[in-house]
Each structure stands twice: as C-alpha cells, then as structure tokens.
Amino acid sequence: MPIKTTYLFVASMDVESGKEALFNEVYDTEHVPNLLRVPGVHAVTRMEGEPFAMSIGGEEKPVTHDGPRHSALYEIDGPEVLVSRERAKAVEAGRWPGEVRPFTRNRRHALYRLR
C-alpha cells in the first residue's frame, strides 16, 4: 500500500520475554484500534526486526538486528497529532499502560517527514 501521509512516526521497543504474548495481543486488539481512532492517524503497521544477509560489493554480509525488536509505523498528518488530547487519551486507554508498558524497555521514537 502506498503511503498517503506526509509524516511517519515510528515507535520501537523490546518487551520482557514472559510478556510477549500479552504485548502482541494488547497491541493488536486494543492499542492499535485506539490509536487509529485519533484524528490524523491513518494507518499502523507493526514490524519485528530480525537478522539478515545482504550482498555488498559482491560479497554476502550478515547483518545483525541492532535495536529494539518491535516497531510500529504510524502514518500521521503531522507532529501535532503526537501532542493532541485525543492521542494522549488513546495511549492511556485499555490494558496498555498498566499491564504492558511496565514490561517494555529500550523504547525509541522517531518522526520522519516524507520528501
């Protein structure tokens, strides 16, 4: 699917291994649906990093995944979405703040403007 917004927000994190199933279930069934109701959020794609190999200069090079394992890519209208009252309410809804967030670590966030 082509990206139709001007901004991409990326949220990345690791989660304790014993909480992985809960993390995925809550992210998919509560967190993403709550955030998709926020004005200015148009799509969310979840990803998991993994090691891979690629050819560089005719040689195959292994590449380790360096960073948080779980990421979500949010297509948003602009930076103002990230500080909106609706988003602030959505990120505190459901089981995410009490049952999942305490078991996440190595959190990173990035905002990109498409050119």
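Notes on the structure follow. (Residues numbered from 1 in each chain as written. Predicted model: local features only at pLDDT ≥ 70, side-chain atom pairs only at ≥ 80, totals over all residues. Heavy atoms only, no water.)

A few points about a nonpolar patch on the surface
Put simply, the rule is: Only residues whose relative accessible area exceeds 30% and that form no salt bridge are eligible for patches; like-charged ones are grouped when within 9 Å, while nonpolar side chains (Val, Leu, Ile, Met, Phe, Trp, Tyr) are grouped when within 5 Å. All accessible-area figures derive from a Shrake-Rupley calculation using a 1.4 Å probe, and residue coverage is judged against the displayed protein chains alone. We count a salt bridge whenever a side-chain nitrogen from Lys or Arg sits within 4 Å of a carboxyl oxygen from Asp or Glu. Secondary structure elements follow DSSP: runs of H or I no shorter than four residues count as helices, runs of E no shorter than two count as strands, and numbering proceeds from the N terminus.
Taken together, the side chains of F52, M54 and I56 present a nonpolar region at the surface, about 280 Å² in accessible area. Relative to the helices and strands, F52 is located in strand β3 (residues 52–56).

Considerations on unusual backbone geometry
Positioned with a positive phi, N106 is a non-glycine residue whose angle comes to about 55°. When you line up the elements, N106 lands in strand β6 (residues 104–113).

A look at the pattern of salt bridges
Cut-off, in case you're wondering: Summary of the burial criterion: residues with accessible area below 20% of their type's maximum are buried, those above 50% are exposed, and those between are partly exposed, where the area comes from a 1.4 Å probe applied to protein chains only.
Counting across every chain of the model gives 7 salt bridges. For E20, the salt bridge goes to R69, with nearest N and O atoms at 2.8 Å. Of the two residues, E20 is situated in helix α1 (residues 20–36) and R69 in the loop between β4 (59–63) and β5 (70–76); the sequence distance between them amounts to 49 residues. As a salt-bridge pair, R69 and E48 come within 2.8 Å of each other at their nearest N and O atoms. Here R69, found in the loop between β4 and β5, pairs with E48, found in strand β2 (residues 41–48); they are 21 residues apart in sequence, far enough to count as distant. Using a relative accessible area of 35% as the deciding quantity, one classes R69 as partly exposed.

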